[in-house]
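Residue-level listing of the chains:
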Amino acid sequence: MSARPALFQPFPMLAGRRAQVFRHQPQYRRPRHFHEEPEINLVARGTGIMGVGKRVVPLVAGTLLYFAPGQDHALLEESSDFVLYVAALRPELGARVAGAASKVALDAVQLTPAVLADELALLGALDRARDISVVEHRLAELFERSLSNVPLPHVVSRRIFELLRLDPKLPGAALAARLRTGESGISRRFRKDVGVNVVEYRARLKLMQFIAEVDRGASFARAAYAVGFGSYAQCHRVFTRALGCAPQGYFGGQRAVLTEMTVSMRGSGSRPSRPGDGASGPRAAEPAG
């Protein structure tokens, strides 16, 4: 099964939150996407198929998946009784939780029925929790537990991932030198494990850093050079391919509609809201392109 091009879509997190959990609904399915927030998916009931890079992962009750920053994924199929909980952390919180921002998962973990029941009780409670600090603390603990169990890829892929997270500007030759191996070999290893080649993953990291630089007040050109693009024209091409619109459009108002899913308050908790139901925040839209 061939993977469709991935779009950059920020995780739909409530303003002011550093951690978020919600229950997936079929109408909120997103296209293949990636984002800077580390994310966990936990299947409560039913069956489905998740696309992760070039791989497909079968989903059943108790399946837990971890997606690292920049790792693309998409829910490809789901049964009529499918129930999925989705949780994520802001990058600054994820970086402090068992290295959540510097790890990449290889395969799914299958929880035992007893452990699944405990985790689902926690997620259901956090979806309704009043205290934001409690949500952040308990979700951080969930990530820490999960990351202690998820299988990780080959050490070469892990080192590439870590080095690029620290410095996305590192070229392939420099990565190979750090790892004392051939450039073609590390590229093949990384693509097999992570599901995307080194060049594309590096571009995703640069793109996310570019957005952060512009948000901090840098001009497009200055931000492009700061994160390692050779020119603003190159940055423009990568940006447009990954988001379906140019930087001018994204920062001029398209950012909101690219999320494709909204979140709103439900009493003291949170939930994904149907586009057009009056919730505040971004309105869903079909992905560009």
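First, a word on what this report is: a plain description of the structure on this page. No experiment lies behind these values; they were computed from the predicted model shown. (Residues numbered from 1 in each chain as written. Predicted model: local features only at pLDDT ≥ 70, side-chain atom pairs only at ≥ 80, totals over all residues. Heavy atoms only, no water.)

Under the defined criterion, the tally for this structure stands at 13 aromatic pairs. Ring geometry for Phe 210 against Phe 220: centres 6.1 Å apart, planes inclined by 45 degrees, an arrangement best described as tilted. On the criterion of sequence distance, the pair formed by Phe 210 in helix α7 (residues 198–215) and Phe 220 in helix α8 (residues 220–226) is long-range, its members being 10 residues apart. For Phe 220, a relative accessible area of 21% translates into the label partly exposed. Considering the side-chain rings of Phe 239 and Tyr 250, the 5.4 Å spacing of their centres and the 75 degrees angle between planes classify their relative orientation as edge-to-face. Linking Phe 239 in helix α9 (residues 232–243) with Tyr 250 in helix α10 (residues 247–254), this pair joins segments that are 11 residues apart in sequence. Each member of the pair, Phe 239 together with Tyr 250, is buried. The structure contains a cluster of three or more aromatic residues connected by ring pairs, namely Phe 210, Phe 220, Tyr 232, Phe 239, Tyr 250 and Phe 251. Here the basic side chain of Arg 204 rests over the ring of Phe 34, its NZ or CZ set 4.6 Å away from the ring centre. (Phe/Tyr/Trp six-rings, centres within 6.5 Å; stacked < 30°, edge-to-face > 60°. Helix = DSSP H or I, 4+ residues; strand = E, 2+ residues; numbered from the N terminus. Buried < 20%, exposed > 50% of the residue type's maximum accessible area, 1.4 Å probe, protein only. Lys NZ or Arg CZ within 6 Å of the ring centre and 35° of its normal.)

Backbone-to-backbone hydrogen bonds pair the strands of a sheet. The strands run either parallel or antiparallel. Spatially, β2-β9-β4-β7-β10 is the arrangement adopted by the 5 strands of the open sheet, whose pairing is antiparallel. Edge positions in the sheet fall to β2 (19–23) and β10 (109–110), since each has one partner strand and no second. Bridge count for strand β4 (residues 39–45) against strand β9 (residues 83–89) is 6 bridges, and the pairing is antiparallel. Counterpart to Glu 39 in the pairing with β9 is Ala 88. This element, helix α3 (residues 132–147), spans β2, β4, β7 (63–67) and β9 of the sheet and lies at about 105 degrees to β9. (Pairing = 2+ DSSP bridges. Contact = heavy atoms within 4.5 Å. Axes fitted to C-alpha atoms, helices over the stretch in contact; angles between N-to-C directions.)

Turning to the side chain of Asp 193, a few remarks are in order. Assignment of secondary structure puts Asp 193 in helix α6 (residues 183–194). Looking at Asp 193, the relative accessible area reads 4%, which means it is buried. One polar contact links Asp 193 to Arg 189, side chain to side chain, over a distance of 2.8 Å. When sequence neighbours within four positions are dropped, the list of residues in contact with Asp 193 reads Arg 55, Leu 106, Pro 153, His 154 and Ser 157. (Polar contact = N/O pair within 3.5 Å; in protein donor to acceptor, adjacent residues only side chain to side chain.)

A few words on the environment of Ala 101. Its place among the elements puts Ala 101 in the loop between α1 (91–94) and β10. Using a relative accessible area of 10% as the deciding quantity, one classes Ala 101 as buried. On a C-alpha basis, the gap between Ala 101 and Glu 39 in space is 9.8 Å, while along the polypeptide they are 62 residues apart. Non-local contacts of Ala 101, meaning those with residues more than four positions away in its chain, are made with Tyr 66, Pro 69, Pro 91, Gly 94, Ala 95, Phe 161 and Arg 165.

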